[in-house]
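# Residue-level structural notes
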Amino acid sequence: MIVEITVASIGGAFLGCALAANQRWLDSHFLPSWFLPRPWYVVLEVFVRVVMAALGVSLALFARPRIGRAVARAPARALDAAIAVVLALGAGELVLRRVHLGAAEWLVPDEEPRRRVDSRLGWTFVPARTGHNTVGGRVIEYALDPAGYRVRRVDEPVDPEQPTILFTGESVMFGEGLTWEESIPAQVGAMMGIQSANVAVHGFASDQAFLRLQTELPRFRRPVAVVSLFMAALFGRNLDDDRPHLAPGLVWLPAQPHSRLAAIAKLLVPYRSLETVERGVTVTRAVFQASVDLTRARGATPLIVVPQFGREAEVEQTLRRRILDESGVPYVRVEIDAAWRLPWDRHPNPRAARAIAEAIAARLRARLNSDSKVLKF
């Protein structure tokens, strides 16, 4: 009887969760995904709800008496099975603790461009080297100068004495899958006739990009503008604490240790509590405000670019408005055809990068002209 009540309770819980997890609840706790288009994401969520409901009904109505009779016939065997499960989980946790497991955004140690550990940022690129990677059927060369900025060639480093537009962000801004000439910073620099400095790093969240800007911006004697990136589909990584991160008040905190099994479960089921999401919105808003203030303090023009692939979903619009509009930071939103991505990859293709670069250049020209700044040096 005890076993049947337990099984029925578990089945009821599955069924209750399936019924309660409507789309509004799911959008509040499962943030937009960079890896899956929203229609696919919604279909997957519906599928999981159906499976949970079917499992709940099956446990409560059909499996319950069978499990109860099986346990009653061999209680010792059932107890042994339960102990075995607990021991297996404990052993799995101990084994995984002996395996190096990086932050969620750096799970492949040999991925190009190569990264190295950084105590303040989590990781940065290995400087002064050239790496190659095959993306979308093309072999892409990634050249990094001694400062770790992406450049055309290693022997053509960025000159911090020259007027410069700095670009912060992650792999989209870095130009994953694009040649140097196709990357957004290179195109904007060519359009504006001003040197560009690509300080973006793969896998960075908004707070990491800001911390890197704090370090790199003082190196430049004549910064003209700083272009940052925001995408609602990447907001989820702003909530990760398995890397050095900023807390409310922009207080720096080291990476927080987590159970290895829990970390794997989080990758498979990226549930976020409302409290975590609210904290992420607060910190991200403060990060962009601080970035704008830092840029203006150096006499440069700040701009945040918001690429939007396809139709903007309501949850994406809500995040954009809460983080950018409510804080009053300057940004330009660029609508891009959802098909303008690299083959078998979610990053912008050359056509999308061109559209983003043109929007940035147009907005910078307008802002620099309105500020009576000279565009040619």
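The structure presented is a predicted model; accordingly, all values stated were derived computationally and were not measured.

### Some points on the overall build of the protein chain
- Within the protein chain, the secondary structure is distributed over 11 helices and 12 strands.
- With the C-alpha coordinates aligned to their principal axes, the bounding extent of the protein chain is approximately 85 × 45 × 40 Å.
- Counting over 377 residues, the protein chain shows a buried share of 45%.
- The long-range share in the protein chain, meaning contacts at least 24 apart out of those at least 6 apart in sequence, stands at 72%.
- Summed over its atoms, the accessible surface of the protein chain is roughly 18900 Å², and 60% of this surface lies on carbon and sulfur atoms.
- Charge centroids of the protein chain, computed over 46 positive and 38 negative side chains, lie 2 Å from each other.

### What about the packing of aromatic side chains?
- The tally for this structure, following the rule as stated, stands at 8 aromatic pairs.
- Each ring, one from Trp-25 and one from Phe-30, has its centre 6.4 Å from the other, and the planes form 55°; the classification is tilted.
- Exposure remark for Trp-25: the relative accessible area of 35% places this residue in the partly exposed category.
- Relative accessible area serves as the criterion here: at 16%, Phe-30 is assigned to the buried category.
- Residues Tyr-142 and Phe-174 carry aromatic rings whose centres are separated by 5.5 Å and whose planes lie at 50° to one another, so their mutual orientation is tilted. Residue Tyr-142 is found in strand β4 (residues 138-144), and its partner Phe-174 is found in helix α5 (residues 171-174); the two are separated by 32 residues along the sequence.

### Re helix α3 (residues 38-73)
- The terminal C-alpha atoms of α3 lie 49 Å apart, and with 36 residues this matches the ideal 52 Å at 1.5 Å per residue to within 8%.
- Along α3, the sharpest kink reaches roughly 60°, centred on Ala-63 and followed within four residues by the proline Pro-65.
- Restricting attention to buried positions, one finds in α3 the residues Tyr-41, Glu-45, Gly-56, Leu-59, Pro-65 and Gly-68.
- Structurally, α3 contributes buried residues whose contacts are with α1 (2-20) and α2 (23-29).

### Section: a nonpolar patch on the surface
- Judged by side-chain polarity, Trp-25, Val-85, Leu-89, Leu-261, Ile-264, Leu-268, Val-269 and Tyr-271 come together as a nonpolar surface patch covering roughly 740 Å² of accessible area.
- Of all elements in the fold, only α4 (75-97) and α8 (260-268) reach the threshold of two or more residues within the nonpolar patch.
- Its place among the elements puts Trp-25 in helix α2.

### Concerning the packing of helix α6 (residues 184-192) against helix α11 (residues 350-370)
- In contact at an axis separation of 9 Å, α6 and α11 are set at 45° when each is read in the N-to-C sense. When the axis of α6 is compared with that of α11, the two are oblique. The hand of the α6/α11 crossing is right-handed. Contacts between α6 and α11 involve Ile-184, Gln-187, Val-188, Met-191 and Met-192 from the first element and Pro-350, Ala-353, Arg-354, Ile-356, Ala-357, Glu-358, Ile-360, Ala-361, Leu-364, Arg-365 and Leu-368 from the second.
- Of the residues belonging to the contact of α6 with α11, the class tally is 12 nonpolar, 1 polar and 3 charged.

### Examining the pairing of β4
- Here strand β3 (residues 129-135) runs beside β4; their pairing, made up of 7 bridges, is antiparallel. In the strand pairing of β4, Asn-133 is matched with Ile-140.
- The turn joining β3 and β4, which pair antiparallel and follow one another in sequence, is formed by 2 residues; a positive phi near 60° is taken by Gly-136.
- Looking at chain direction, β4 and strand β5 (residues 150-151) are connected through 2 bridges and run antiparallel. What sits directly across from Ala-143, in β5, is Val-151.
- Taking the residues between adjacent antiparallel strands as the criterion, β4 and β5 are bridged by 5 residues, where Gly-148 takes a positive phi near 90°.

### Considering the nonpolar core
- Core analysis: the biggest nonpolar cluster contains 50 residues, and Ile-165, Val-188, Val-305, Ile-360 and Leu-364 have the highest contact counts within it.
- Val-188 has contacts with Ile-165, Phe-167, Ala-357, Ile-360 and Leu-364, leaving out every residue within four places of it along the chain.
- One finds Phe-235, Phe-288, Val-292 and Val-306 within the second-largest nonpolar core, a separate group that totals 16 residues.

### A look at unusual backbone geometry
- The omega torsion across Glu-112 and Pro-113 is -5°, close enough to zero to call that bond cis.
- Structurally, Pro-113 can be placed in the loop between α4 and β1 (115-118).
- Unusually for a residue other than glycine, Ala-128 sits at a positive phi of about 55°.
- Along the polypeptide, Ala-128 turns up in the loop between β2 (122-125) and β3.
- A relative accessible area of 44% means that Ala-128 is categorised as partly exposed.
- Non-glycine residue Leu-250 carries a positive phi angle of around 55°.
- Topologically, Leu-250 is positioned in the loop between β9 (245-247) and β10 (251-253).
- Classification of Leu-250 as partly exposed rests on a relative accessible area of 27%.

### Here's the deal with the pattern of salt bridges
- Summed over the entire model, instances satisfying the criterion amount to 23 salt bridges.
- A salt bridge links Arg-129 to Glu-112; its shortest N-O distance comes to 2.9 Å. Residue Arg-129 is located in strand β3, and its partner Glu-112 is located in the loop between α4 and β1; the two are separated by 17 residues in the primary sequence.
- For Arg-129, a relative accessible area of 24% puts it in the partly exposed group.
- A residue is classified by how much of its surface remains accessible, and Glu-112, at 12% relative accessible area, is buried.

Parameters at a glance
Residues numbered from 1 in each chain as written. Predicted model: local features only at pLDDT ≥ 70, side-chain atom pairs only at ≥ 80, totals over all residues. Heavy atoms only, no water. Helix = DSSP H or I, 4+ residues; strand = E, 2+ residues; numbered from the N terminus. Buried < 20%, exposed > 50% of the residue type's maximum accessible area, 1.4 Å probe, protein only. Contact = heavy atoms within 4.5 Å. Areas by Shrake-Rupley, 256 points an atom, 1.4 Å probe, with all protein chains shown as cover. Lys, Arg positive; Asp, Glu negative; His and termini not counted. Charge placed at Lys NZ, Arg CZ, Asp CG, Glu CD. Phe/Tyr/Trp six-rings, centres within 6.5 Å; stacked < 30°, edge-to-face > 60°. Expected span 1.5 Å × (residues − 1). Bend = angle between axes of the 7 residues up to and from the residue. Patch = residues over 30% accessible without salt bridge, like charges linked within 9 Å, V, L, I, M, F, W, Y side chains within 5 Å. Salt bridge = Lys/Arg side-chain N within 4 Å of Asp/Glu carboxyl O. Axes fitted to C-alpha atoms, helices over the stretch in contact; angles between N-to-C directions. Parallel < 35°, antiparallel > 145°, perpendicular 65-115°, else oblique. Left-handed = near helix turned anticlockwise from the far one by under 90°. Nonpolar A, V, L, I, M, F, W, Y, C, P; charged D, E, K, R; others polar. Pairing = 2+ DSSP bridges. Core = buried A, V, L, I, M, F, W, Y, C linked by side-chain atoms within 4.5 Å.

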